[in-house]
Amino acid sequence: MENLINIFIKSIFIDNMIFAYFLGMCSYLAVSKKYKTAAGLGMAVIFVLGITVPLNWLAYNFLLKEGALTWISADFATVDLEVLKFIVFIAIVAAFVQLTEMVVEKFSPALYNSLGIFLPLIAVNCSILGGALFLPTRDYEFAEAVTFALGSGIGWFLAVVSLAAIREKMAYADVPKPLRGLGITFIIVGLMAFGFMSFGGFELPFKTTEQQQAEQEKSSAKVENKSAESVVNSVANYSE
Amino acid sequence: MSTETIEKANDQIAEVKKPSEPLFSKKRRQLLSNPLDEDNPITIQVLGICSALAVTVALKPTFVMAVAVTAVLVLANVVISALRNTIPNRIRIIVQLVVVASLVAIVDQVLKAYSYDIWKELSVFIGLIITNCIVMGRLEAFALGNKPWDAFLDGLGNSFGYAWIILAIAFFRELFGSGKLFGFQVMPDGYIGNGVMMSPAGACLLLGVLIWIVRSRSGYVED
């Protein structure tokens with residue numbers, strides 16, 4: 001549970017999809033002109049990320065990973081389908097988005113009007129596929145993957161809504177002509193990213209087991225650490 | 001009856017004899033040159049920003065990224081353009097995604113085999129070429145309605161337009177951020193790297209300024 005809270009906070013503020021990884025920039029810049037549309041797209045991103053990342057986690061852990069197919073038969077222990085991860089992930093995302101669009105259109109026209117028009121945009125939003133592609137590198141449990149997905153979605157929502165609010169205010173500013181639109185938006189995003197970088201200095205509410213171990217090791221074996229450091233330094237010098 | 005068939009045959013001959021467009025006509029040269037400046041995918045069309053900012057910490061990975069995007073964009077453009085009359089309109093997005101995803105999987109495997117370090121450094125951003133808006137945008141806007149050779153030139157032009165912008169950003173970021181170019185020290189020894197340039201925020205500011213310069217040269221103004 002403590003671990004989940006850590007991941008949640010980390011994925012909203014510290015590893016923010018926009019300000020740390022620049023994922024989903026295209027739609028981020030394109031729809032942040034008005035606060036209302038930005039909020040609509042942000043909600044859609046939370047929803048789609050929150051569902052496709054767990055789906056992709058299942059696909060990765062029960063189909064693609066090396067030895068993932070052992071639940072069918074023990075003979076498949078050495079099968080590694082990771083090459084196919086791009087096609088599988090994007091197919092799941094595209095199919096899910098298409099499906100949701102059709103379901104929402106059929107059963108809830110009001111929701112469709114507020115959210116549905118953004119759904120096709122989301123199929124090619126980098127943050128959705130990016131969230132899925134982080135899974136193999138991070139080795140999450142299922143619950144962790146869900147938390148990570150929701151946190152990333154909320155982080156994206158926060159980023160897009162705050163940028164839209166600033167851009168609405170910017171309408172009254174006298175910006176140099178060639179800088180208008182995209183140019184000034186990038187500078188705003190840069191300044192906002194500085195703001196979000198300060199979250200990196202926060203200590204997470206709960207220490208992870210790794211950190212606890214690291215601290216114990218530090219206190220017990222400072223001498224060893226020093227020798228390790230000197231080895232690292234010499235390696236770095238050598239490679240230079 | 002017989003005269004009709006003869007006329008038809010004549011028509012067909014006339015059609016065949018109609019001179020085809022030269023391989024590098026003016027229109028086709030513009031397909032190559034426009035995306036470099038006045039129709040640039042990054043500074044004017046605002047596409048493919050994610051990777052433009054994320055991979056540009058140093059020149060080496062940026063160069064690899066530019067080559068990867070060029071390969072995927074050109075091949076995808078040609079493939080989709082060759083298939084354009086057989087793709088049903090309703091499922092075209094999925095077809096495009098599958099074509100692009102297969103090409104990206106190939107590029108990913110090639111990079112993993114031949115330059116493992118850079119492959120590790122680029123990590124998810126190789127996979128994210130699939131959702132790079134430049135690729136989808138060109139497929140939607142150009143390849144679906146044009147012949148393969150035109151699509152080839154368009155793909156080449158757009159990927160060069162993308163490449164020079166990200167290389168320019170990477171040049172400044174690596175030069176001021178770590179005092180190196182392509183990994184070689186160029187700044188004097190005592191130079192202390194500028195941390196802002198290495199951070200994501202610095203990349204945003206730099207791209208903003210670059211867009212300012214490009215747009216004030218080309219005279220493009222957004223509403």
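These figures come from a predicted structure and were not determined experimentally.

Participant: Account for the interface of chain A and chain B, with residues named and values stated.
Facilitator: Counting residues at the interface gives 40 residues for chain A, matched by 40 residues for chain B. Both faces considered, chain A and chain B share a buried interface measuring about 3,500 Å² in area, 83% of it formed by carbon and sulfur atoms. When the buried area of chain A at its contact with chain B is split by residue, Phe22(A), Phe86(A) and Phe186(A) rank highest and sum to 19% of it. There are 0 salt bridges connecting chain A and chain B. Linking chain A to chain B there are 1 residue pair in polar contact (both at pLDDT 80 or more). Listed by contribution, the elements that provide at least two residues to the side of chain A that touches chain B are helix 2 (25–30), helix 4 (85–107), helix 7 (126–138) and helix 9 (182–197) of chain A. No other element matches the 10 residues that helix 9 of chain A contributes to the side of chain A that touches chain B.

Participant: Please give an account of the nonpolar core that cites residues and values.
Facilitator: By size, the foremost hydrophobic cluster in this structure holds 118 residues, and its most contacted members are Met25(A), Tyr28(A), Phe186(A) and Leu207(B). Among the elements that take part in this core, helix 3 (residues 35–64) of chain A stands out by supplying 11 residues, more than any other. The residues touching Leu207(B), leaving out its near neighbours within four places in the chain, are Phe186(A), Ile42(B), Ile49(B), Leu53(B), Ile165(B) and Ile169(B).

Participant: Tell me about helix 11 (residues 200–218) of chain B, residues and numbers included.
Facilitator: Between its terminal C-alpha atoms helix 11 of chain B stretches 27 Å, which fits the 27 Å expected from 19 residues at 1.5 Å a residue. Listed in full, the buried residues belonging to helix 11 of chain B are Ala201(B), Gly202(B), Ala203(B), Cys204(B), Leu206(B), Leu207(B), Gly208(B), Leu210(B), Ile211(B), Val214(B) and Arg215(B). Considering only its buried residues, helix 11 of chain B is in contact with helix 2 and helix 9 of chain A together with helix 3 (49–54), helix 9 (148–178) and helix 10 (195–198) of chain B. Following helix 11 of chain B by one or two positions, Gly219(B) has its phi on the positive side, about 75°.

Participant: How would you summarise the confidence of the model for chain A if you had to cite specific residues and measurements?
Facilitator: Per-residue confidence for chain A gives a mean pLDDT of 79, with 82% of residues at or over 70. Element-level pLDDT for chain A is lowest in helix 11 (residues 222–239) of chain A, with a mean of 51, against a maximum mean of 91 in helix 8 (residues 142–170) of chain A.

Participant: Before we move on, could you go through a nonpolar patch on the surface and cite the residues and values that matter?
Facilitator: Residues and elements named next belong to chain A. Side chains of Phe47, Ile51, Leu55, Leu58, Phe62, Leu63, Trp71, Ile72, Phe76 and Phe142 sit close together on the surface and give an oily, nonpolar patch of about 880 Å² of accessible area. Broken down by element, the residue count for the nonpolar patch peaks at 6 residues, all from helix 3. Among the secondary structure elements, Phe76 is positioned in the loop between helix 3 and helix 4.

Definitions and limits used
Residues numbered from 1 in each chain as written. Chains lettered and ligands numbered in written order. Predicted model: local features only at pLDDT ≥ 70, side-chain atom pairs only at ≥ 80, totals over all residues. Heavy atoms only, no water. Contact = heavy atoms within 4.5 Å. Buried area = accessible area lost by both parts, 1.4 Å probe. Salt bridge = Lys/Arg side-chain N within 4 Å of Asp/Glu carboxyl O. Polar contact = N/O pair within 3.5 Å; in protein donor to acceptor, adjacent residues only side chain to side chain. Helix = DSSP H or I, 4+ residues; strand = E, 2+ residues; numbered from the N terminus. Core = buried A, V, L, I, M, F, W, Y, C linked by side-chain atoms within 4.5 Å. Buried < 20%, exposed > 50% of the residue type's maximum accessible area, 1.4 Å probe, protein only. Expected span 1.5 Å × (residues − 1). pLDDT = per-residue confidence, 0-100. Patch = residues over 30% accessible without salt bridge, like charges linked within 9 Å, V, L, I, M, F, W, Y side chains within 5 Å. Areas by Shrake-Rupley, 256 points an atom, 1.4 Å probe, with all protein chains shown as cover.

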